Structure formats: C-alpha cells, structure tokens
Amino acid sequence: MPKTKTKQRQVVCPECGTPVKEPYKTWELVAPFPDKKMRITVTIFGMFECPKCGKKFRAVVSKAKLGSEGIEL
Ligand SMILES: [Zn+2]
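Reading guide: rules and limits
- Residues numbered from 1 in each chain as written.
- Predicted model: local features only at pLDDT ≥ 70, side-chain atom pairs only at ≥ 80, totals over all residues.
- Heavy atoms only, no water.
- Donors = N, O, S within 2.8 Å, 3.2 Å for Na, K, Ca; no water.
- Tetrahedral: all angles 85-135°; square planar, octahedral: opposite > 155°, others 65-115°.
- Buried < 20%, exposed > 50% of the residue type's maximum accessible area, 1.4 Å probe, protein only.
- Salt bridge = Lys/Arg side-chain N within 4 Å of Asp/Glu carboxyl O.
- pLDDT = per-residue confidence, 0-100.
- Helix = DSSP H or I, 4+ residues; strand = E, 2+ residues; numbered from the N terminus.
- Contact = heavy atoms within 4.5 Å.
- Phe/Tyr/Trp six-rings, centres within 6.5 Å; stacked < 30°, edge-to-face > 60°.

Take the coordination of the zinc ion next. The coordination sphere of the zinc ion, as far as protein atoms go, consists of Cys13 (SG), Cys16 (SG), Cys50 (SG) and Cys53 (SG), spread over 2.3 Å. Angles of 105 to 120° at the metal separate the 4 donor atoms of the zinc ion, which places the site in the tetrahedral class. Donor residues for the zinc ion sit on one chain with the sequence pattern C-x2-C-x33-C-x2-C. Note on Cys50: relative accessible area 3%, which makes it buried.

Opposite charge on two side chains allows them to pair when their charged atoms are near. Counted by the stated rule, this structure contains 3 salt bridges. As a salt-bridge pair, Asp35 and Arg39 come within 3.6 Å of each other at their nearest N and O atoms. With a relative accessible area of 26%, Asp35 lands in the partly exposed category. Judged by its relative accessible area of 14%, Arg39 is buried. Here Asp35 ties to Lys65 by a salt bridge, and the two come within 3.7 Å at their closest N and O atoms.

Now for the confidence of the model for the chain. Considering every residue of the chain, the mean pLDDT works out to 86; 79% of them sit at 70 or more. Per-element averaging of pLDDT across the chain places strand S4 (residues 70–72) at the bottom with 63 and strand S1 (residues 25–30) at the top with 95.

Let us look at the side chain of Thr43. Secondary-structure assignment places Thr43 in strand S2 (residues 40–49). Residue contacts for Thr43: discarding those within four places in its chain leaves Trp27, Glu28, Leu29, Val60, Ser62 and Lys63.

Let us look at the packing of aromatic side chains. Here the structure, examined in full by the defined rule, presents 2 aromatic pairs. Centroid distance Trp27 to Phe45: 5.8 Å. Interplanar angle 20°. Geometry classified as stacked. Remark: Phe45 occurs in strand S2 and Trp27 occurs in strand S1; sequence separation between them is 18 residues. Measuring from ring centre to ring centre gives 5.7 Å for Phe48 and Phe57, while their planes differ by 15°; the resulting arrangement is stacked. Taking the relative accessible area as the measure of exposure, Phe48 reaches 2% and is therefore buried.

In structure tokens:
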C-alpha cells in the first residue's frame, strides 16, 4: 500500500472512548490573520455523536493552510 501524507485523525468519544467515524455536521473556521508565511489556516470542525452512549461532542476534523502556492493539507 502506498504511503500517504494525509493525517487521519482518530476521533473518540470523550465519555467512553468509542471511536466515532463520521461527523454529522461540519463547518470551517477561517483564521482571521495569516501566519508568518502569509498563509491562512482553515480548521474544519465536526459535530460527532457517539454510537455507544449518545454523547455529542465537537472535534477538529482537519486543518488546511491556504497560501499563495495553493492548498497545503
Ligand atoms: Zn460515548
């Protein structure tokens, strides 16, 4: 299998530790200021619901950096 650079975050329930695969809702949070390399960090948050205990929680799904050279994941 080829190695990829993509980081797949393992999201687990903060109550019982059960892994939750898919968020039922996601949204993007764009940083209001660029970093030193003039890139804007976009953070994608997700709302997750634990299939075991029903706990609803928020977690970071992924982060991306938008710069003049394109998107850096
Ligand atoms: Zn749970």
